[in-house]
Amino acid sequence: MSSCKEDDPRIDGIQSRIRVVPNFPKPGIMFQDITTVLLDPRAFKDTIDLFVERYKSKNITVVAGIEARGFIFGPPIALAIGAKFVPLRKPKKLPGKVIREEYDLEYGSDCLEMHVGAVESEERALVVDDLIATGGTLCAAMNLLERAGAEVVECACVIEIPDLKGRDRLNGKPLFVLVESQ
Amino acid sequence: MFAAENGLKGDPRLKGISDAIRVVPHFPKPGIMFQDITTLVSNPRAFKDTIDIFVDRYRDMDISVVAGVEARGFMFAPAIALAIGAKFIPLRKPGKLPGEVISEAYELEYGKDRLEMHVGTVQHGDRALIIDDLVATGGTLSAAIRLLERVGAEVVECACVIGLPEVKGRCRLGGKPLYMLVEPRQ
């Protein structure tokens, strides 16, 4: 199923560098800011290494990253394991033909898009984002990849907020995270 | 300056990188031949070559900060930062970065936009590189330079994968050296 690398000594260094910003983007939300991890070259490298170690022998051919913070973690992982990087973007950012998937927000809905032809049938895909909250965005990402015929092997995030139960919205797909947050 | 004029003339990797970029006509509006780097990042060989060329150039320049411009700059800058052991700083559209930020305005073809950076991430004495996928007018990069200089960093160079004709023949932007890998494809 899914796992969290609690026993790896690098996790403490990563977790301690995540900054919590209260009441952002709105009152009541404790925002998990990963930019402080990126300021520490050791912690950032450890983050990427932990994902690369897990995925390098799993024959992953596609790493899909969710705009915009997924673009920070996805490409270094893709480069290290020799996979394609595919950006999943907000509407109207990708040029050319796209497929789109709508998903619910707390109020209203949003959309994620992927290029037609970015991913081929039977490819093995990883979906990467900085954080999983409700799981809505990750679920939309998985749907895009599956509609293109790929197999989503796993979703990978730096941080999970377990209380929001995003893990349950992944249609049984495994989720791998480095850090859990309250 | 382009890589081919600056030590990499004839380097076969440059052709591979150029060939991997897709041109999408009339995006985002009629008349624009959009240089799409998504086909570059989905080509593992060409993507690796892109990063390697930048890393080879910057690894011995004592760079302590690599700033990437949202969102396509995020696809290139972190890998460079990781390889040279520098901090990665995201430069973002307004309202995205939590906590205290500074911001700089820049001109668009119609209207203005702003770029933001976190306060306290860059110190006086930091040597910075700024990365984006493409440079056209240089408005965004100039705003990025101003942000880093306001907090006392020294901008060593700006680097982009693609340099549009507006910057052809120029070696500098906003007073700083500008390094580009390839010209746009037709």
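Note that the structure is a prediction, hence the values are computed from the model and not measured.

Asker: Just checking my understanding: could you explain the UniProt feature "domain: Phosphoribosyltransferase" (unreviewed entry) in chain B for this structure?
Answerer: As recorded in UniProt, the sites labelled "domain: Phosphoribosyltransferase" (unreviewed entry) are residues 38-163 of chain B. From the first C-alpha to the last, residues 38-163 of chain B spans 16 Å; its make-up is 31% helix and 34% strand.

Asker: Would you mind going over the UniProt feature "domain: Phosphoribosyltransferase" (unreviewed entry) in chain A with me for this structure?
Answerer: Mapped onto this numbering, the UniProt entry gives "domain: Phosphoribosyltransferase" (unreviewed entry) at residues 40-168 of chain A. Secondary structure within residues 40-168 of chain A divides into 30% helix and 33% strand; the distance between the first and last C-alpha atoms comes to 32 Å.

Asker: Looking at this model, I keep getting lost on the interface of chain A and chain B. Mind explaining?
Answerer: Accessible area lost upon the coming together of the parts is a frequently used measure of interface size. With 32 residues of chain A in contact, the opposing surface of chain B contributes 34 residues. For the pair chain A and chain B, the two sides together bury roughly 2600 Å², of which 73% comes from carbon and sulfur. Together, L39, L79 and P95 of chain A form the three largest contributors to the area buried by chain A at its contact with chain B, with a combined 22%. Viewed at the interface, chain B and chain A are joined by 0 salt bridges. Scanning the region where chain A abuts chain B turns up 8 residue pairs in polar contact (both at pLDDT 80 or more). Of all the elements in the fold, those that place two or more residues in the side of chain A that touches chain B are β2 (19-22), β3 (30-33), α2 (35-38), α3 (41-55), α4 (70-81) and β5 (84-88) of chain A. Of the residues forming the side of chain A that touches chain B, the biggest block, 5 residues, is contributed by α4 of chain A. By residue class, the composition of the side of chain A that touches chain B is 19 nonpolar, 4 polar and 9 charged.

Asker: Would you explain the packing of aromatic side chains in this entry?
Answerer: Aromatic rings in a pair are described by how distant their centres are and how their planes are angled relative to each other. As enumerated under the stated definition, the model contains 9 aromatic pairs over all chains in all. Seen in terms of ring centroids, F44 of chain A and F73 of chain A are 5.9 Å apart; in terms of plane orientation they differ by 85 degrees. Their pairing is edge-to-face. With F44 of chain A in helix α3 and F73 of chain A in helix α4, this pair connects stretches of sequence that are 29 residues apart. Assigned by exposure class, F44 of chain A and F73 of chain A land together as buried. Taken together, a centroid distance of 6.5 Å and an interplanar angle of 70 degrees make the contact between F54 of chain B and Y179 of chain B edge-to-face. With F54 of chain B in helix α3 (residues 44-58) and Y179 of chain B in strand β10 (residues 176-182), the pair connects residues that are 125 residues apart, well separated along the chain. Assigned by exposure class, F54 of chain B and Y179 of chain B land together as buried. Pairwise contacts between aromatic rings join F51, Y55 and F176 of chain A into one cluster. For R57 of chain B, the ring lying beneath its charged end belongs to Y179 of chain B, and the centroid distance is 3.9 Å.

Asker: What should I look at first to understand unusual backbone geometry in this one?
Answerer: Here E67 of chain A and A68 of chain A are connected by a cis peptide whose omega angle stands at -10 degrees. With respect to the secondary-structure elements, A68 of chain A resides in the loop between β4 (62-66) and α4. Here the bond from E70 of chain B into A71 of chain B is cis, since omega is -10 degrees, no more than 30 degrees from zero. Mapped onto the secondary structure, A71 of chain B falls in the loop between β3 (65-69) and α4 (77-84). One non-glycine residue with positive phi stands out, namely D62 of chain B, at about 60 degrees. The residue D62 of chain B is located in the loop between α3 and β3 in this model.

Asker: Would you explain the environment of G16 of chain B in this entry?
Answerer: Assignment of secondary structure puts G16 of chain B in helix α1 (residues 12-20). Note: C-alpha distance between G16 of chain B and F47 of chain B (31 residues apart in sequence) is 9.5 Å.

Asker: Can you help me understand the environment of T38 of chain B in this one?
Answerer: All names here are of chain B. With respect to the helices and strands, the residue T38 is situated in helix α2 (residues 38-41). On the basis of relative accessibility, which here comes to 8%, the residue T38 falls in the buried class. In this structure, the C-alpha to C-alpha distance between T38 and V69, residues 31 residues apart in sequence, is 16 Å. At a separation of 2.9 Å, a polar atom in the side chain of T38 contacts the side chain of D36.

Asker: Explanation requested: the packing of α3 of chain A against α4 of chain A in the structure shown.
Answerer: All names here are of chain A. Relative orientation of the contacting elements α3 and α4 amounts to 50 degrees, with a least axis distance of 9 Å. Taken together, α3 and α4 sit at an angle that is classed as oblique. Judged by the twist between their axes, the crossing of α3 over α4 is right-handed. Two secondary-structure elements touch here, α3 through F44, T47, I48, F51, V52 and Y55 and α4 through I72, F73, P76, I77, A80 and I81. Each residue belonging to the contact of α3 with α4 can be placed in one class, and the counts come to 11 nonpolar, 1 polar and no charged.

Asker: What is the right way to read the confidence of the model for chain B from this model?
Answerer: Atom-level detail of predicted coordinates should not be read off regions where pLDDT is low. Averaged over every residue, the pLDDT of chain B is 95; the share at 70 or more is 100%. For this predicted complex, the interface score ipTM comes out at 0.97, alongside a pTM of 0.97.

Asker: Where do I start with the pattern of salt bridges in this structure?
Answerer: Here the idea is simple: oppositely charged side chains can pair when their charged atoms come close. In the structure shown here, the tally under the stated rule is 32 salt bridges over all chains. The salt bridge partner of R42 of chain A is D46 of chain A, with a shortest N-O separation of 3.4 Å. Of the two residues, R42 of chain A and D46 of chain A both sit in helix α3, 4 residues apart, roughly one turn of that helix. The class for D46 of chain A is buried, based on a relative accessible area of 9%. Ionic pairing is found between D133 of chain B and R72 of chain B, a salt bridge with its closest N-O pair at 2.9 Å.

About the thresholds
- Residues numbered from 1 in each chain as written.
- Chains lettered and ligands numbered in written order.
- Predicted model: local features only at pLDDT ≥ 70, side-chain atom pairs only at ≥ 80, totals over all residues.
- Heavy atoms only, no water.
- UniProt positions renumbered as here; feature names shortened; annotations may be inferred.
- Helix = DSSP H or I, 4+ residues; strand = E, 2+ residues; numbered from the N terminus.
- Contact = heavy atoms within 4.5 Å.
- Buried area = accessible area lost by both parts, 1.4 Å probe.
- Salt bridge = Lys/Arg side-chain N within 4 Å of Asp/Glu carboxyl O.
- Polar contact = N/O pair within 3.5 Å; in protein donor to acceptor, adjacent residues only side chain to side chain.
- Nonpolar A, V, L, I, M, F, W, Y, C, P; charged D, E, K, R; others polar.
- Phe/Tyr/Trp six-rings, centres within 6.5 Å; stacked < 30°, edge-to-face > 60°.
- Buried < 20%, exposed > 50% of the residue type's maximum accessible area, 1.4 Å probe, protein only.
- Lys NZ or Arg CZ within 6 Å of the ring centre and 35° of its normal.
- Axes fitted to C-alpha atoms, helices over the stretch in contact; angles between N-to-C directions.
- Parallel < 35°, antiparallel > 145°, perpendicular 65-115°, else oblique.
- Left-handed = near helix turned anticlockwise from the far one by under 90°.
- pLDDT = per-residue confidence, 0-100.

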